[in-house]
Amino acid sequence: MGVDVCWDPSAAQPPARQAAFRSMTAVTAGDKTAWLALFAGDAVVEDPVGPSMFDEVGKGHHGQDGISAFWDKTIANVERFRFTIRDSHAAGDEVANVGTITTYLPGGYRVDTDGVFVYRVREDGLIVSMRAFWETERAMATARKDTA
């Protein structure tokens, strides 16, 4: 379990990158309360962006209630996460992380989701937008029995 990053999380970092790291850390810990506390009350999560099995309309999950329901529908059903961030581009109040999220699913399966994960924060560091750009079919093509 863990978060692999290409930057030193103990060094001073832009607020959006800090928020992204805290988000990944809360997810790997399975800490829904800590994760929800990272989001502003009017935040939006689009994971993935556009219509998907998690968001049929493709408008995102809005506010604390919507984001909490997203956790219950998706994150809560994964046994373990590993985030591997290969690159990170911070600009203004946003950061775009390029990497792979490996999900370990019930029944011994694992899926690698390659994508670009964009976080935008407000002045107090709370996340107002999290947008994940990844392709369902591409991720599902990596599904396999976990041998590790």
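One can find the structure itself at the top, above this paragraph.
Basis of the calculations
- Residues numbered from 1 in each chain as written.
- Predicted model: local features only at pLDDT ≥ 70, side-chain atom pairs only at ≥ 80, totals over all residues.
- Heavy atoms only, no water.
- Phe/Tyr/Trp six-rings, centres within 6.5 Å; stacked < 30°, edge-to-face > 60°.
- Lys NZ or Arg CZ within 6 Å of the ring centre and 35° of its normal.
- Core = buried A, V, L, I, M, F, W, Y, C linked by side-chain atoms within 4.5 Å.
- Buried < 20%, exposed > 50% of the residue type's maximum accessible area, 1.4 Å probe, protein only.
- Helix = DSSP H or I, 4+ residues; strand = E, 2+ residues; numbered from the N terminus.
- Contact = heavy atoms within 4.5 Å.
- Expected span 1.5 Å × (residues − 1).
- Pairing = 2+ DSSP bridges.

Student: I tried to follow the packing of aromatic side chains on my own but got confused; where do I start?
Tutor: Note on aromatic pairs: each is described by the distance of the centres and the angle between the planes. This model, assessed by the stated rule, comprises four aromatic pairs. By the ring-pair criterion, three or more aromatic residues cluster together here, those being Trp35, Phe39, Phe70 and Trp71. The ring centre of Tyr104 lies 3.7 Å from the NZ or CZ of Arg80, which sits over that ring.

Student: What am I meant to see in the nonpolar core here?
Tutor: For soluble globular proteins, nonpolar side chains are generally found buried alongside one another. Residues Trp35, Phe39, Tyr119 and Ile127 are the most contacted members of the largest nonpolar core, which totals 32 residues. For this core, the secondary structure elements donating two or more residues are helix H1 (15-29), helix H2 (32-36), strand S2 (39-46), helix H3 (63-73), strand S4 (80-91), strand S5 (94-105), strand S6 (109-121) and strand S7 (127-133). Top contributing element to this core by residue count: H1, with six residues. Setting aside residues up to four positions removed in sequence, Phe39 forms contacts with Val45, Gln64, Ile67, Leu126, Ile127 and Met130.

Student: How do you make sense of the environment of Arg122 when you look at a structure like this?
Tutor: Along the chain, Arg122 falls in the loop between S6 and S7. Overall, Arg122 belongs to the partly exposed group, its relative accessible area being 38%. It is 6.9 Å that separates the C-alpha atoms of Arg122 and Asp93, two residues lying 29 residues apart in sequence. For Arg122, the residues in contact, after removing those within four places along its chain, are Ala40 and Val128.

Student: Before we go on, may I ask you to explain H1 in this structure?
Tutor: It helps to recall that an α-helix has 3.6 residues per turn; residues three or four apart then point in one direction. The first and last C-alpha atoms of H1 sit 21 Å apart over 15 residues, in line with the 21 Å expected at 1.5 Å per residue. Buried within H1 we find Ala16, Arg17, Ala19, Ala20, Ser23, Met24, Ala26, Val27 and Thr28. Following H1 by one or two positions, Gly30 has its phi on the positive side, about 70°.

Student: Looking at this structure, how should I read the pairing of S6?
Tutor: Both S5 and S6 contribute to a ladder of 12 bridges, which runs antiparallel. Within S6, the position partnered with Leu105 by the bridge is Tyr109. Where S6 lies against strand S8 (residues 144-145), two bridges are found, and the strand directions are antiparallel. Residue pairing in the sheet places Arg110 in a bridge with Arg144 of S8. In terms of strand pairing, S6 meets S7 through six bridges, oriented antiparallel. By the bridge assignment, Val116 is partnered in S7 with Phe133.

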